[in-house]
Amino acid sequence: MTERRIQDIVIVGGGTAGWMSAAALAQLLPNHYRYRLVESDQISTIGVGEATIPSIRNFNMHLGIDENDFIRHTQGTFKLGIEFVNWGINNSTYFHGFGSVGRDQPTANFYHYWLKLNQMGMAGGLEPYSINTVASMLGKFSVGRPDLPNSPLSDLSYAYHFDAGLYAKYLRAYAEQRGVKRTEGRIVQTLLRESDGYIDALVMENGEKIHGDFFIDCSGMVGLLIEKALQTGYEDWRHWLPCDTAIAVPCSLAGSAQAHTRSTAHSAGWQWRIPLQHRIGNGHVFSSNFMDVAQAQDILMNNLDGKALAEPRQIKFITGKRKKAWNKNCIAIGLSGGFMEPLESTSIHMVKTGLMRLITFFPDKDFDQVDIDNYNRLTDKEYAQIRDFLILHYKVNQRDDSEFWRYCREMDVPESLQIKLDLFASHGRILRENEELFPEDSWLQVMHGQGLRPRRYSPVVDQRSPEEIAGFLHNTQAVICKCVDAMPSHLDYIRANCMA
Ligand code: FAD
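Note that the structure is predicted; figures quoted are calculated from it, not measured. (Residues numbered from 1 in each chain as written. Predicted model: local features only at pLDDT ≥ 70, side-chain atom pairs only at ≥ 80, totals over all residues. Heavy atoms only, no water.)

Visitor: Looking at this model, I keep getting lost on the overall build of the protein chain. Mind explaining?
Guide: The number of helices and strands found in the protein chain is 15 helices and 21 strands. A compact globule built from 500 residues should have a C-alpha radius of gyration of about 23 Å, and the protein chain, at 23 Å, falls within 12% of that. Taken over the C-alpha atoms alone, the protein chain extends approximately 75 × 50 × 50 Å along its principal axes. Of all 500 residues assigned to the protein chain, the portion counted as buried reaches 56%. Pairs at least 24 residues apart make up 76% of the contacts formed inside the protein chain by residues separated by at least 6 positions. Looking at the protein chain as shown, the accessible area adds up to about 20,900 Å², and 48% of this sits on carbon and sulfur atoms. Here the protein chain carries 51 positive and 58 negative side-chain charges, and the mean point of each set is 2 Å from the other. (Helix = DSSP H or I, 4+ residues; strand = E, 2+ residues; numbered from the N terminus. Rg over C-alpha atoms; globule rule 2.2 N^0.38 Å. Buried < 20%, exposed > 50% of the residue type's maximum accessible area, 1.4 Å probe, protein only. Contact = heavy atoms within 4.5 Å. Areas by Shrake-Rupley, 256 points an atom, 1.4 Å probe, with all protein chains shown as cover. Lys, Arg positive; Asp, Glu negative; His and termini not counted. Charge placed at Lys NZ, Arg CZ, Asp CG, Glu CD.)

Listed below in structure tokens is the structure:
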């Protein structure tokens, strides 16, 4: 076995993906392997990527990272979901809260009960049935309370906002303590083996050669190894996800300290607002086919809650994915593997799932093609499922104020998404394929929030009378109100637990 084992693992890039890879591998596979991370101080990291989804907690837990310490060192805040403003239709707001909406019953999801009453004019909005939505709108936050097993508080679902630069720094210290060697310098060439085209070594600007058995490409969108050296190819999804540019700027704290990201749709894209402890991160994501940069920048700068703290920065991207995430002895993790735009904060999650999948299919010197193929097959599936969820936000809209929204409404969507849309439009049913990231209640909140209404509810809810259902809805809402009343404010929670 010993001679078949790979030894030298080289991680290229010291952004979020690079340091997450280094930290996770050094912690989870600490023996036998030598880890080296190469990054260039001359080539900056992307510097955005500050909102996450709940799986980030799982990643930190695998690493044994203490939550409060992590929030303290990254100037972080908590995130219960996303508030969508002007999506679907102008002057509207809806919320995608993590966790459940109501309490599902053995025969039908909560939604069908609500839908029946709503169609009879006996129930208002969906929001009061999500504890995350109610808490977030009132500026409240609490971690889960496993000591209250029958309460919606028992397993509250939440994620984090954090300063991306501080997160990379935090993980760097963690990885270096576990033996990861860091090399600073610019890679100017990648040498391939003549026999099979595998990567042999990296050539640094100072002439040093860095050999490795296995290379993890975390070099960002350029894809230094996976694309520039191995020419793997890229699937361009801009016809489905048309935004291709972002302008980002931090601003001073202002407005309320709610535990959610805000996403405000504009006429050719949308703007994020991510509140941290020391500043607010903002960015305008838009399609350059429908709006020029100067106009996009004006919109952003005129819609900041606080005072701009830096010059706005432009970032170009192509939505899509690398044709193979793993090619020969190189795996692309992070932006080098693809990017589908930040609307549902899924990229950092995909760094995590890429790493966990890598550990499942971890190679030896044989680099068995069956492992590589299955890694790639599962990665493609994950990309496609998340892609469909993102496209949903654009496709289902009634905005008639711009060419961009009309294009989105009329565009063809992947068949896998069309099936979901048709199923929901008929009887409000949501098909969650196995291991799909976003649960039924996420799809529900976005489909409903974007204005899609089923023609009918599931007939099985007719087993219960409207009065019985009204009582059930009333109780659900009352329990949520009581729980939220007992929560501290988001700010008080941070002050009490996460400040030095
Ligand atoms: P980068 O941060 O670009 O790092 C690349 C690294 O490679 C750098 O260290 C650089 O020095 C090094 N490098 C490159 N070339 C060389 C070379 N020749 N020699 C040596 N070193 C080199 N994700 C989320 O989960 N949530 C969000 O809210 C979110 N928002 C986003 C908003 C925008 C506009 C964009 C574009 C992305 C967003 N993302 C978000 C994605 C997220 O930022 C990235 O997935 C994450 O930061 C990982 O980036 P990375 O480490 O792959 O690349």
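Right, picking up where we left off after that structure.
Visitor: Can you help me understand the packing of aromatic side chains in this one?
Guide: Given two aromatic rings, one states the distance between the centres and the angle between the planes to describe the pair. Under the defined criterion, the tally for this structure stands at 39 aromatic pairs. Between phenylalanine 78 and tyrosine 160, the aromatic rings sit 6.0 Å apart at their centres with planes inclined by 65°, giving edge-to-face as the arrangement. Of the two residues, phenylalanine 78 is situated in strand β3 (residues 77-79) and tyrosine 160 in strand β6 (residues 159-161); the sequence distance between them amounts to 82 residues. We note that phenylalanine 78, like tyrosine 160, is buried. Counting every residue linked through ring pairs, the aromatic cluster contains Phe70, Phe78, Phe141, Tyr158, Tyr160, Phe162, Tyr167, Tyr170 and Tyr493. (Phe/Tyr/Trp six-rings, centres within 6.5 Å; stacked < 30°, edge-to-face > 60°.)

Visitor: Quick question: what am I supposed to make of the nonpolar core here?
Guide: A general trend in soluble globular proteins is that nonpolar side chains are found buried together. Grouped together as the largest cluster of nonpolar side chains are 73 residues, with contacts concentrated most on Trp87, Trp114, Leu392, Tyr394 and Leu473. With 7 residues, helix α10 (residues 369-395) is the single largest residue contributor to this core. In this structure, Tyr167, Cys218, Ala325 and Leu358 belong to the second largest nonpolar core, which totals 67 residues. (Core = buried A, V, L, I, M, F, W, Y, C linked by side-chain atoms within 4.5 Å.)

Visitor: I would appreciate a short explanation of the site of the ligand in the present structure.
Guide: Around the ligand, the structure places 32 residues, and the nearest of them are Gly14, Ile43, Ile46, Ala51 and Ile348. The contact in question runs from an oxygen atom of the ligand to an N or O atom on the backbone of serine 347, over 3.4 Å. When the ligand sits alone it has 1,000 Å² of accessible area, and the protein chains cover 96% of it. Among the residues forming the shell around the ligand, the class breakdown is 16 nonpolar, 13 polar and 3 charged. (Near = heavy atom within 4 Å. Polar contact = N/O pair within 3.5 Å; in protein donor to acceptor, adjacent residues only side chain to side chain. Nonpolar A, V, L, I, M, F, W, Y, C, P; charged D, E, K, R; others polar.)

Visitor: What exactly am I supposed to notice about the pairing of strand β11 (residues 214-217) here?
Guide: Consecutive side chains along a regular strand alternate between the two faces of the sheet. Alternating residues of β11 divide into Phe214 and Ile216 and Phe215 and Asp217, and every residue in both groups is buried. Alignment of strand β1 (residues 8-12) against β11, held across 4 bridges, turns out to be parallel. Among the inter-strand pairings, valine 10 is bridged to a residue of β11, identified as phenylalanine 215. Sheet analysis places β11 next to strand β20 (residues 330-332), joined by 3 bridges and oriented parallel. Following the sheet pairing, aspartate 217 is matched in β20 by alanine 332. (Pairing = 2+ DSSP bridges.)

Visitor: So what exactly am I meant to see when it comes to the sheet that holds strand β16 (residues 280-286) here?
Guide: The strands making up a sheet are joined through hydrogen bonds of the backbone, oriented either antiparallel or parallel. Spatially, 7 strands are ordered β5-β4-β14-β15-β16-β13-β17 in an open sheet, and the strand pairing comes out mixed. Whereas interior strands pair on both sides, the edge strands pair on one side only; in this sheet they are β5 (93-97) and β17 (313-316). Across the sheet, the axes of successive neighbouring strands diverge by a mean angle of 20°, strand direction being ignored. Where strand β14 (residues 261-266) meets strand β15 (residues 269-275), 5 bridges bridge the pair, whose relative direction is antiparallel. Bridge assignment links alanine 265 to a residue of β15, and that residue is tryptophan 270. (Axes fitted to C-alpha atoms, helices over the stretch in contact; angles between N-to-C directions.)

Visitor: Where do I start with helix α9 (residues 347-360) in this structure?
Guide: Residues that lie three or four places apart on an α-helix share one face, since the helix turns once every 3.6 residues. In a regular helix each residue adds 1.5 Å, so 14 residues correspond to 20 Å; α9 covers 20 Å between its end C-alpha atoms and thus fits that length. Counting buried residues along α9, 10 of its 14 residues qualify, which places the element largely inside the surrounding structure. Listed as buried for α9 are Ile348, His349, Met350, Val351, Lys352, Thr353, Gly354, Leu355, Arg357 and Leu358. Residues of α9 that are buried make contact with α1 (16-28), α2 (55-62), β11, β19 (326-327), β20 and α10. (Expected span 1.5 Å × (residues − 1).)

Visitor: Looking at this structure, I do not really get the pattern of salt bridges. What am I missing?
Guide: Where side chains of opposite charge bring their charged atoms close, a pairing between them can arise. Applying the stated criterion to the full structure yields 28 salt bridges. Between arginine 4 and aspartate 366 there is a salt bridge; the shortest N-O distance is 2.5 Å. Pair noted here: arginine 4 is in the segment before β1 and aspartate 366 is in the loop between α9 and α10, with a separation of 362 residues, a long-range link. On the accessibility criterion, aspartate 366 (45% relative accessible area) is partly exposed. Close ionic contact of arginine 279 with aspartate 163 constitutes a salt bridge, the shortest N to O distance being 3.3 Å. With arginine 279 in the loop between β15 and β16 and aspartate 163 in the loop between β6 and α6 (164-177), the pair connects residues that are 116 residues apart, well separated along the chain. Side by side, arginine 279 and aspartate 163 carry an identical accessibility label, which is buried. (Salt bridge = Lys/Arg side-chain N within 4 Å of Asp/Glu carboxyl O.)

Visitor: I would appreciate a short explanation of a nonpolar patch on the surface in the present structure.
Guide: Judged by side-chain polarity, Ile419, Leu423 and Leu431 come together as a nonpolar surface patch covering roughly 220 Å² of accessible area. Assessed through its relative accessible area of 36%, leucine 431 is described here as partly exposed. (Patch = residues over 30% accessible without salt bridge, like charges linked within 9 Å, V, L, I, M, F, W, Y side chains within 5 Å.)

Visitor: I tried to follow the pairing of strand β2 (residues 34-39) on my own but got confused; where do I start?
Guide: Pairing of β1 with β2, which is carried by 5 bridges, proceeds in the parallel orientation. Counterpart to valine 12 in the pairing with β2 is valine 38. Taken together, β1, α1 and β2 form a β-α-β motif whose crossover is right-handed. By the bridge criterion, 4 bridges tie β2 to strand β7 (residues 181-184) in an arrangement that is parallel. Residue pairing for β7: leucine 37 is matched across the bridge by arginine 182. (Right-handed = clockwise from strand over helix to strand, strands pointing away.)

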